[in-house]
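Structural characterization, general
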Number of protein chains: 2
Amino acid sequence: MICFGVDVGGTSIKMGAFECGGNLLNKWEIPTRKEDHGAYILDDICEAMEDYISKHDIAATDVYGIGIGVPGPVTSEGVVLSCVNLGWGERPVAKQLSKKFHGIPVYVGNDANVAALGEQKCGSAKGYEDMVMVTLGTGVGGGVILGGKIITGCLGAAGEIGHMPVLTDNTEKCSCGKTDCLELAASATGIVREAKKMIAKKQCGTKLSTMEYFSAKTVLDLAQEGDEGAIYVVNRVADILATALACIASVLNPQAFVIGGGVSKAGQWFLDLVKEAYQKKAFTPLRDAEILLALLGNDAGIYGAAEMCNRF
Amino acid sequence: MICFGVDVGGTSIKMGAFECGGNLLNKWEIPTRKEDHGAYILDDICEAMEDYISKHDIAATDVYGIGIGVPGPVTSEGVVLSCVNLGWGERPVAKQLSKKFHGIPVYVGNDANVAALGEQKCGSAKGYEDMVMVTLGTGVGGGVILGGKIITGCLGAAGEIGHMPVLTDNTEKCSCGKTDCLELAASATGIVREAKKMIAKKQCGTKLSTMEYFSAKTVLDLAQEGDEGAIYVVNRVADILATALACIASVLNPQAFVIGGGVSKAGQWFLDLVKEAYQKKAFTPLRDAEILLALLGNDAGIYGAAEMCNRF
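Fair warning: this is a prediction, and the values are worked out from it, not measured in the lab. Numbering of residues starts from 1 in every chain and runs along the sequence as written. Written order determines the labels here, with chains lettered from A and ligands numbered from 1. The predicted origin of the model limits local features to residues at a pLDDT of at least 70 and limits the giving and counting of side-chain atom pairs to 80 or more, whereas totals for whole chains, interfaces and linings rest on all residues. Side-chain metrics rest on all non-hydrogen atoms present in the structure, leaving aside hydrogens and water.

Quick word on the overall build of chain A
The numbering of helices and of strands both runs from the N terminus, where a helix is a DSSP run of H or I of at least 4 residues and a strand a run of E of at least 2. Helix and strand counts for chain A come out as 10 helices and 10 strands. Within these notes, the globule rule equals 2.2 Å times the number of residues to the 0.38 power, and the radius of gyration is based on C-alpha atoms. For 312 residues, the compact-globule formula gives about 20 Å, and the C-alpha radius of gyration of chain A, at 20 Å, lands near that figure. Along the longest, intermediate and shortest principal axes, the C-alpha atoms of chain A span 65 × 45 × 35 Å. By the convention used here, residues are in contact when the closest approach between their heavy atoms is within 4.5 Å. Partitioning the contacts of chain A with sequence separation of at least 6, the portion at a separation of at least 24 is 60%. Each accessible area is a Shrake-Rupley estimate made with a 1.4 Å probe; only the visible protein chains count as cover when residues are assessed. Element-wise, carbon and sulfur atoms account for 50% of the exposed surface of chain A, whose accessible area totals about 12,500 Å². For this count, His and the chain ends are skipped, Lys and Arg are scored as positive, and Asp and Glu as negative. Just so you know, the charge point we use is NZ for Lys, CZ for Arg, CG for Asp and CD for Glu. One way to put it: in chain A the 28 positive side-chain charges average out to a point 5 Å from where the 36 negative ones average out.

Observations regarding the sheet that holds strand β9 (residues 256-260) of chain A
Residue and element names in this part refer to chain A. Pairs of strands are assigned from DSSP output, requiring at least two bridges between the strands. Here we have 5 strands laid out as an open sheet, ordered β8-β7-β6-β9-β10, and mixed in their pairing. Where the open sheet ends on each side, the last strands, each with one partner, are β8 (149-150) and β10 (290-293). Relative to β8, strand β7 (residues 140-146) is paired through 2 bridges, and the arrangement is antiparallel. Bridging across to β8, I145 finds its partner in I150. Its contacts with the sheet place helix α4 (residues 111-122) against β6 (131-136), β7, β8 and β9, and it is angled at close to 55° to β7. For helices, the fitted line uses only the C-alpha atoms of the stretch in contact; every axis is such a line through C-alpha atoms, and the angle between N-to-C directions lies from 0 to 180 degrees. Set on the sheet, helix α8 (residues 228-252) makes contact with β6, β7, β9 and β10; between it and β6 the angle comes to about 160°.

Examining the packing of helix α2 (residues 41-55) of chain B against helix α3 (residues 93-100) of chain B
All names here are of chain B. It is at 10 Å that the axes of α2 and α3 come closest, and there the two elements cross at 40°. Here α2 is positioned oblique relative to α3, judged by the angle of their axes. Note on packing geometry: the crossing formed by α2 with α3 is right-handed. Residues L42, D43 and C46 of α2 form the contact with α3, whose own contacting residues are V93, Q96, L97 and K100. As a working rule, the residues Ala, Val, Leu, Ile, Met, Phe, Trp, Tyr, Cys and Pro are called nonpolar, Asp, Glu, Lys and Arg charged, and the rest polar, with Gly in that last group. Considering only residue class, the contact of α2 with α3 consists of 4 nonpolar, 1 polar and 2 charged. Roughly parallel here means an angle under 35 degrees, roughly antiparallel means over 145, roughly perpendicular means 65 to 115, and every remaining angle is called oblique. By definition, any crossing whose near helix is turned counterclockwise from its far helix by less than a right angle is left-handed, and any crossing with a clockwise turn is right-handed.

Some thoughts on the interface of chain B and chain A
Contacts between the two partners involve 40 residues from chain B and, on the opposite side, 40 residues from chain A. Accessible-area loss on putting two parts together, using a 1.4 Å probe and summing over both, is the definition of buried area adopted here. Interface area, chain B with chain A, both sides summed: about 2,900 Å², of which 68% is carbon and sulfur. The largest contributions to the chain B side of the interface with chain A come from V251, N253 and F283 of chain B, which together make up 22% of the buried area. Note on definitions: salt bridges are taken to be side-chain nitrogens of Lys or Arg within 4 Å of carboxyl oxygens of Asp or Glu. The interface formed by chain B and chain A contains 2 salt bridges. For D180 of chain B, the salt bridge identified is with K281 of chain A, shortest N-O distance 3.9 Å.

Considerations on the relation of the copies chain B and chain A
Superposition of the copies used a least-squares fit over C-alpha atoms from residues whose pLDDT is at least 70 in both. The transformation that overlays chain B on chain A combines an axial shift of 0.0 Å with a rotation of 180°, and the residual RMSD is 0.0 Å. As the rotation angle and translation indicate, the two copies are arranged about a two-fold axis. Of all interface residues in chain B, 100% are interface residues in chain A too; the two copies therefore contact each other through one and the same surface.

A word on the nonpolar core
The definition of a nonpolar core used throughout is a set of buried Ala, Val, Leu, Ile, Met, Phe, Trp, Tyr and Cys residues joined through side-chain atoms within 4.5 Å. Exposure classes here rest on a 1.4 Å probe applied to the protein chains alone. A residue is buried below 20% of its type maximum, exposed above 50%, and partly exposed in between. Grouped together as the largest cluster of nonpolar side chains are 122 residues, with contacts concentrated most on L252 and Y278 of chain A together with L252 and Y278 of chain B. Excluding anything up to four places from it in sequence, Y278 of chain B contacts A242, L245, A246, A249, F257, L286, R287, A289 and I291 of chain B.

Brief notes about the pairing of strand β9 (residues 256-260) of chain B
Residues and elements named next belong to chain B. Burial analysis of β9 places 5 of its 5 residues in the buried class, the great majority of the element. What you see with β9 is no split at all: A256, V258 and G260 on one side and F257 and I259 on the other are buried throughout. Sheet analysis places strand β6 (residues 131-136) next to β9, joined by 5 bridges and oriented parallel. Of the residues in β9, the one forming a bridge with V134 is I259. Relative to strand β10 (residues 290-293), β9 runs parallel, the two being bridged by 4 bridges. Paired with V258 across the two strands is L292, which belongs to β10. When the strands point away from the viewer and the connection leading from the first strand across the helix to the second strand turns clockwise, the crossover is called right-handed. For the segment spanning β9, helix α9 (residues 268-281) and β10, crossover handedness is right-handed.

In structure tokens, the structure reads:
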């Protein structure tokens, strides 16, 4: 028996075939066709799965489930409410995909929530039933796992950690229209924004002020090399992220936080700054929560998607 | 068949006898004996229950459960980790009370979590499976209910909403040692503190500056009468509370928030201020969350405690 884990992104669809216990057999990618409001996406996924089972001499009846993560809110019944990046409006993906692929059970989740489940099952939070993942990428996303299950919230918007209002002293607008979102500081674009603010205010000396263009990676690298301005920015970012983690801890008291996404590639050094700030912001009984780097990278989505077939 | 709902406080123990469906038959109180590290509390509860069943001609075998809320962290196995107010250290209350009372199943929860369950079952959040209660009293407490179940967290510290780090511009210390806790502004003592700060800074004209002593109620009453300084304070408090609610919404996307405790007696007018601030702080898809006044007052604890017998 096998199951498929599928992670639908705006440019490519990652796919994996897994054994029952969660062991990855094969993984591959196909492009995301967004034409006609993403009308062909589910058919393309089906075709790829049919190809796989025919090539590997697997009967359709030997596929026990399909898990799929999508970039948008999903109800606990597997109805996608919207996926702007795919051109989808409301769509009963679980039903539609199951109908297209031999009536096999389909489990649908938000991609950030599904990635959290992946890290909980096979990544750095293995063994922690209650955990929260925060993904620091172009934006900031998140996923909440309690008792080993994804928390979706009543509109599928649980884990929208990027829009927690924890930023002060800011007037620039987030894509959502607010000016206080975590995402405005702790995403890759946020780090660049904070650095530009620091340069404009001439708060610290920094090599960044001589550069025409720089990325979040530049800021993180320079901070590690001792650049005063870059250190100021990274400390501020760590502080704001720690405030969000301490707020989450007060509400849920999880065993572990997992930090993933491009920004987390700065590594242990960045994580240590976040941990230090977290110790100051968190209520004393909550300070022992683990703060861990994500392990699975871009594969977290397919691992988590496959795991939905085992848990739900 | 009946069950008992028990709410253990620092000065009195509230007790209720309930029918299976959650209907309250009788309620009464006994004093909390804190002598000898609270050694007699469980015996006193047993005696009161024995009295009740003998007076009402109920066989012990007709009692199907006992639910009990205590002022401290409780693990999901019913072990109380500590209750400073009762003189208790770690104590396996579920086991001990069950042994003392005919081997009947005992369910133990943190008092704020149990009160949340009460409001979810029989109070203003009736019908909402996912809800968060915030109690604004001497301190600020809270409880998280997801899928109709209490979320305890790994150390029984979930729902410690009073210590969310959402306060800025403050140097005074919370009882926990931090300076950024929600409780420092949104509790009864917090409101008085914020008012004194406002008076010291002479930020606004206010009748409060002529008073030798005032309470949170005085501040709330004066604000409703149009006192400029009191309005400033209450708006700031509503803003900070709304920030915490918006943070919680981003993490859990609950259907409803219930606001209880003494401060909430200010009523609909105060709630409307909180709602208005919440609309600005919350991520757009989360703005439809209901914000409701608690209905059950001091009885929330016994209702929730009894309900634990039905759900766990």
